[in-house]
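Notes for the structure review
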Amino acid sequence: MADAREVLEMMKQVALSRIALLKEGVTFYDETKRANYLREYEGKVRDIEDLMRRLTIRLVHSRKDSPANSD
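Throughout what follows, the structure given in this document is the object of discussion.

Conventions we followed
Residues numbered from 1 in each chain as written. Predicted model: local features only at pLDDT ≥ 70, side-chain atom pairs only at ≥ 80, totals over all residues. Heavy atoms only, no water. Helix = DSSP H or I, 4+ residues; strand = E, 2+ residues; numbered from the N terminus. Expected span 1.5 Å × (residues − 1). Buried < 20%, exposed > 50% of the residue type's maximum accessible area, 1.4 Å probe, protein only. Core = buried A, V, L, I, M, F, W, Y, C linked by side-chain atoms within 4.5 Å. Contact = heavy atoms within 4.5 Å. Salt bridge = Lys/Arg side-chain N within 4 Å of Asp/Glu carboxyl O. Arc of directions from axis to C-beta.

Remarks on helix α2 (residues 31-56)
- The end-to-end C-alpha separation of α2 is 38 Å, in line with the 38 Å expected for 26 residues at 1.5 Å each.
- What α2 keeps buried is the set Arg34, Leu38, Gly43, Val45, Ile48 and Met52.

Concerning the nonpolar core
- Counting residues in each nonpolar core, the largest one holds 5 residues, listed as Ala15, Ile19, Leu22, Leu38 and Val45.
- Here this core takes 3 residues from helix α1 (residues 4-24), the largest share from any one element.
- Here Ile19 is in contact with Leu38, Tyr41, Glu42 and Val45, once residues within four sequence places are set aside.

Looking at the pattern of salt bridges
- Under the definition given, this model contains 5 salt bridges.
- Note that Glu42 is salt-bridged to Lys23, the shortest N-O span being 3.9 Å. One end of the pair, Glu42, is in helix α2; the other, Lys23, is in helix α1, and 19 residues separate them in sequence.
- Here Lys23 falls in the exposed class, since its relative accessible area comes to 58%.
- Through salt bridges with shared partners, a single network forms among Asp50, Arg53 and Arg54.

Points about α1
- With 21 residues, α1 ought to run about 30 Å at 1.5 Å a step, and its terminal C-alpha atoms sit 30 Å apart, in line with that.
- Buried within α1 are the following residues: Leu8, Lys12, Ala15, Ile19 and Leu22. With its buried residues spanning 85 degrees around the axis, α1 presents them on a single face. Away from its buried face by more than 90 degrees, α1 exposes Met10 and Glu24.
- Where α1 is buried, its residues touch α2.
- Gly25 lies just past α1 and shows a positive phi near 80 degrees.

Here it is, written out as structure tokens:
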């Protein structure tokens, strides 16, 4: 089974390919819908990249905050 990072990367690639198609005009949408979908997909890519960054962040705490040192 794929992990969350792989799934997010696949979603990002799909969104990027759809953005490319919209920019090239390879759709049946009129200009208004095309601009709307382009804006939506670009927002989704930003959201996906944000989630991917959050997955890489590890929480770090000092030893003095550790429950083992609460004498």
